[in-house]
Amino acid sequence: MSVNSPRGTADIYGEYIKYRDFIISTARELFDIFNFEEIITPAFEYTEVFSRSIGESTDIVHKEMYTFPDRKGRSLTLRPEGTAPVVRSVVEKKMLVPENIPLKLFYIGNMFRYERPQKGRMREFWQLGVEALGSSSTILDAEIIWLLNEIFKRLGFKNLILKINTIGCSKCRNNYIKIFREYIEPRLDYLCADCQRRFKVNPLRIFDCKIKSCKKIVSEGPKIKDYLCKNCSKHFKELISIISDLSINYTISDDLVRGFDYYTGIIFEMASNDLNSAQNALGGGGRYDNLLADFNGPDMPAVGFAVGMDRTALLMRQLGIKYTDIRNKPKSYIISLSEDAGPYIIDVLKQLRNSNIACDIDYSTSGIGSALKKAGKKGFSTALIIGEEEVKNDIITVKDLKSFKQYKVKKNNLVKEVLRITGADQNE
Ligand SMILES: [Zn+2]
Ligand SMILES: [Zn+2]
């Protein structure tokens, strides 16, 4: 039987696992510093969790969801994003009690969208994200943006730029949509079929279109910033001022709306100027002040962001950003030159592993030269050579694979000597 993986899925292994580990450990450390707690929700939900929140007019709900009936005929959907499930869970489990507010949660998980696969855009993809629920504070908005910026800074991205916009509160947005509708109507024939459908359901979704002629019409149209109410305008100015104080590079992006219906107010994307303009978004998010109420939860505001992990790893590689190997601790490779050294080797493995020193054995019999080469290639820091002479004298020959210096050490002192030779005793 020969079977390939389904189109748009990836097997993640080798170097990509190291990138992924680095991305997750960097983010987790920052989630802790910013006081977010983890939440894990199911990979599938009842379909209405997404159709009602992301919006029927979006491409995601309209044509990208993996939706199927279960054996009892209930419609289920593999999650296409992480925010709606978190909100569903927060409401269902009644997490928003006063002592929990603001409720700050983060998630790491796989998501599913039926899209045309491209580099860095898969049908099963991994995202990490945060949601802060229960407060409308501008400082909280700034903290969320700060965290997003800090993740990419610590991963090693340079020339980061925050694109930020506001789509206003329901009051000023509805007024703007009326004006935008009036602008689009006489131009409707020049829009693509998708945009003509979007016009009927939610004209703001026309901003999502990637077709040039549609983009041009949008870019020449009225801008929401000119129709903001006093409150929205004040909040936006305040946020921009805090972001400047945090030394975060930003640009106000008039045509940024992001493709979810649940957004209200502030929306943002983090990008790097080192990347081509069309594909330079690293992650993004915004306010979704009505979503908790839409799920019949408390009428409370919320803000969050999501980051695509596959794309981040791909871009790091593309930009030549190295990962830090989070498992970069001394690792020993045991090379046996004696057929009868079994019990001796087990004793060595026990000593090392009981002291939390990673080690492995060479089971091949291809000779010491090729075994040493293999050890170097696989990132081991020392080779422990065990032959008849070593067993007889209760010693081990330790080869430092960096300096290629060789030491004979007593078996009982092995742990101490390995730590000394690799310099690991200095790092503790
Ligand atoms: Zn407003
Ligand atoms: Zn279009």
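These figures come from a predicted structure and were not determined experimentally.

Now for the overall build of the protein. Secondary structure summary: the protein contains 16 helices and 16 strands in total. Computed over its C-alpha atoms, the radius of gyration of the protein comes to 28 Å, more than 25% above the 22 Å expected for a compact globule of 428 residues. Principal-axis analysis of the C-alpha atoms places the extent of the protein at approximately 90 × 55 × 45 Å. Taking all 428 residues of the protein together, 36% fall into the buried category. Excluding contacts between residues fewer than 6 apart, the proportion of contacts in the protein whose partners are at least 24 apart in sequence is 70%.

All right, on to helix H4 (residues 83–92) then. Here H4 lies mainly inside the structure; seven of its ten residues are buried. Residues of H4 that are buried make contact with strand S2 (44–46), helix H2 (48–54), strand S5 (103–112), strand S6 (124–133), helix H10 (291–294) and strand S11 (302–308). Directly beyond the C-terminal end of H4, a positive phi value near 50° is found at Lys 94.

What follows concerns the nonpolar core. Val 130, Ile 144, Ile 145 and Ile 206 are the most contacted members of the largest nonpolar core, which has 79 residues in total. For this core, the leading source of residues is helix H5 (residues 138–155), giving eight residues. With residues up to four places along the chain from it excluded, the contact list for Ile 144 reads Val 130, Ala 132, Gly 285, Val 303, Gly 304 and Phe 305. With 19 residues, the next largest nonpolar core counts Ile 357, Ile 386, Leu 401 and Ile 421 among its residues.

Let us now look at the sheet that holds strand S16 (residues 406–410). The strand order across the open sheet formed by five strands is S13-S12-S14-S15-S16, and the pairing between neighbours is mixed. The two strands at the open ends of the sheet, each matched to only one other strand, are strand S13 (358–361) and S16. Strand-to-strand, the axes of this sheet are offset by a mean angle of 25°, without reference to chain direction. Sheet strands touched by helix H15 (residues 414–422): strand S12 (331–336), strand S14 (382–386), strand S15 (395–400) and S16. Its angle to S15, the strand with the most contacts, is close to 15°.

Glancing now at the domain arrangement of the protein. Under the domain assignment used here, the protein contains domain 1 (15–169 + 229–318) and domain 2 (331–427). Computed over C-alpha atoms, the centres of domain 1 and domain 2 are 47 Å apart.

Looking at where Ser 381 falls in the secondary structure, it is placed in the loop between helix H13 (368–377) and S14. Among the residues examined, Ser 381 registers 22 C-beta atoms within 10 Å and is labelled buried. Spatially, the C-alpha atom of Ser 381 lies 5.6 Å from that of Pro 330, the residues being 51 residues apart in sequence. In this view, Ser 381 contacts Pro 330, Lys 331, Leu 401, Lys 402 and Thr 422; residues no more than four positions away in its chain are not counted.

What follows deals with the pairing of S14. By the criterion of burial, S14 is predominantly enclosed, with five of the five residues buried. Note that S12 and S14 share five bridges and pair parallel. Across the sheet, the residue bridging to Tyr 333 is Ala 383, located in S14.

Tracing the backbone shows Tyr 19 in helix H1 (residues 15–33). A residue is classified by how many C-beta atoms lie within 10 Å of it, and Tyr 19, with 22 of them, is buried. Along the primary structure Tyr 19 and Tyr 250 are separated by 231 residues, whereas in three dimensions their C-alpha atoms are 27 Å apart.

The rules behind the values
Residues numbered from 1 in each chain as written. Chains lettered and ligands numbered in written order. Predicted model: local features only at pLDDT ≥ 70, side-chain atom pairs only at ≥ 80, totals over all residues. Helix = DSSP H or I, 4+ residues; strand = E, 2+ residues; numbered from the N terminus. Rg over C-alpha atoms; globule rule 2.2 N^0.38 Å. Buried ≥ 20, exposed ≤ 12 C-beta atoms within 10 Å, placed from the backbone. Contact = placed C-beta atoms within 7 Å. Core = buried A, V, L, I, M, F, W, Y, C linked by C-beta atoms within 7 Å. Pairing = 2+ DSSP bridges. Axes fitted to C-alpha atoms, helices over the stretch in contact; angles between N-to-C directions. Domains from an automatic or database assignment.

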